[in-house]
Amino acid sequence: MASRPARGAGGTDSSVVAGAGPVGRSGERATVRLRDGEPEEAPRYAPEWLRLREPADAAARAQALLAPLRVRLADLPGRTGALAVHDLGCGTGSMGRWLAPRLDGAQHWVLHDHDPYLLHFAAVASPRTAADGSGVTVETRRGDVARLTSDALAGASLVTASALLDVLTRDEVGSLADACVGAGCPALLTLSVVGRVELTPADPLDAEIAEAFDAHQRRAGLLGPDAVGVAGEAFAARGAAVRVHPSPWRLGPEQAALTEQWLRGWVGAAVEERPELTDRAERYLRDRLAACAAGGLRVVVHHSDLLALPRPTDGAS
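Residues numbered from 1 in each chain as written. Predicted model: local features only at pLDDT ≥ 70, side-chain atom pairs only at ≥ 80, totals over all residues. Heavy atoms only, no water.

Asks: How should I be thinking about the packing of aromatic side chains in this particular structure?
Replies: Aromatic ring pairs are defined here through the distance separating the ring centres and the angle between the ring planes. For the structure shown, the criterion picks out 3 aromatic pairs. Ring plane angle 45° and centroid distance 6.5 Å describe the contact between Trp 266 and Tyr 284, whose orientation is recorded as tilted. Remark: Tyr 284 occurs in helix α9 (residues 278-293) and Trp 266 occurs in helix α8 (residues 256-273); sequence separation between them is 18 residues. Tyr 284 matches Trp 266 in its accessibility class, with the two residues each being buried. A connected cluster of aromatic rings, assembled from ring pairs, spans Trp 262, Trp 266 and Tyr 284. (Phe/Tyr/Trp six-rings, centres within 6.5 Å; stacked < 30°, edge-to-face > 60°. Helix = DSSP H or I, 4+ residues; strand = E, 2+ residues; numbered from the N terminus. Buried < 20%, exposed > 50% of the residue type's maximum accessible area, 1.4 Å probe, protein only.)

Structure follows, in structure tokens:
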């Protein structure tokens, strides 16, 4: 869901990240690049957006995938000591805060991101205890999460990520699958968009905005809403067992602040992709924001979570 800053509906500079609301509000800067050498103006997510979406992410993640994951982690061959969990593109660390307290046993989390500010925040705010009261420790690694290798995952028990697959290319997803399968460790990859949005009440422009947004997500070879299917095929082709489960955001009046920022990013990306929508999108966004503020708008943003279970190797921890 990454994007460079874009012009919003109506032509004003809204500094949006596609699907992620405005970047840089309250003086905060745009943040992490996924790849070395990526232009500085191509942000991923702003810290404010990550904090705003964390409760919705936590409510959406597929609890059904935890049981098979726990079974696999309990059966890892040669495991000694703490689980080694590598969180890719960790942002502010929301995945660790959600998952670590749901897994038994001592854990050591390795947080990967390109932004030192986010890494510091994630480390400071990480949980300290597992589900059974065991200790949780953390280290940070700054680097290019789009080109991970199996060497970087040596000794890993689990790879995790949130909202990452849809901002990767097909080759990068293949490299991720190679790394995880090569290390023999499972991967829990959550909250990838799938190209379905439901707004209630409906508006005639909903479908056109959604189509333009999906096209924006696929720019420059990024997978966007195709990511889960491509990733599932990539892991399966390498011998992993793959499970996919829905993980939708369900946004109502209680999530009005998140819905507002999501709307601005969603419409802004659509207009950037198809500028001919600008005039109609301005009216659309104004009406949608008014309905949101009045408590009369509900939105379901569909995502999927993917669990890949490669065959263990002797190097699995």
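Asks: Explanation requested: helix α5 (residues 170-183) in the structure shown.
Replies: Residues spaced three or four apart along an α-helix face the same direction, because each turn holds 3.6 residues. Over its 14 residues, α5 extends 20 Å from the first C-alpha to the last, a length consistent with the 20 Å expected when each residue adds 1.5 Å. Of the residues making up α5, those classed as buried are Glu 172, Val 173, Gly 174, Leu 176, Ala 177, Ala 179, Cys 180, Val 181 and Ala 183. Where α5 terminates, the next one or two residues include Gly 184, which has phi positive at roughly 70°. (Expected span 1.5 Å × (residues − 1).)

Asks: How should the confidence of the model for the chain be read in this particular structure?
Replies: Low-pLDDT stretches of the model should not have their predicted coordinates read in fine detail. Across the chain, the average pLDDT comes to 86, with 83% of residues at 70 or higher. This model gives residues 1-34 a pLDDT under 50, and the stretch forms 134 contacts once residues within four places in sequence are excluded. Segment residues 39-43: pLDDT under 50, and 17 contacts once partners within four positions in sequence are set aside and those in other chains are kept. (pLDDT = per-residue confidence, 0-100. Contact = heavy atoms within 4.5 Å.)

Asks: Can you walk me through the pairing of strand β4 (residues 158-162) in this structure?
Replies: When you tally the buried positions in β4, you get 5 out of 5 residues, the bulk of the element. Going residue by residue along β4, you find Leu 158, Thr 160 and Ser 162 tucked away on one face and Val 159 and Ala 161 tucked away on the opposite face as well. As judged from the 4 bridges shared by β4 and strand β5 (residues 187-200), these two strands associate in the parallel manner. Looking at β5, one finds that Val 159 is bridged to Ala 187. (Pairing = 2+ DSSP bridges.)

Asks: Mind showing me how you'd approach the pattern of salt bridges here?
Replies: Should their charged atoms come close, side chains of opposite charge can pair. Throughout the structure, instances matching the rule amount to 12 salt bridges. Its salt-bridge partner being Arg 141, residue Glu 139 comes within 3.4 Å of it at the nearest N-O pair. A relative accessible area of 30% places Glu 139 in the partly exposed class. A salt bridge links Arg 283 to Asp 287; the shortest N-O distance between them is 3.5 Å. You can see Arg 283 and its partner Asp 287 sitting in helix α9, 4 residues apart, about one turn around the helix. Asp 287 gets classed as partly exposed once you look at its relative accessible area, which sits at 38%. Overlapping salt bridges, with partners in common, bring together Asp 203, Arg 283 and Asp 287 in one network. (Salt bridge = Lys/Arg side-chain N within 4 Å of Asp/Glu carboxyl O.)

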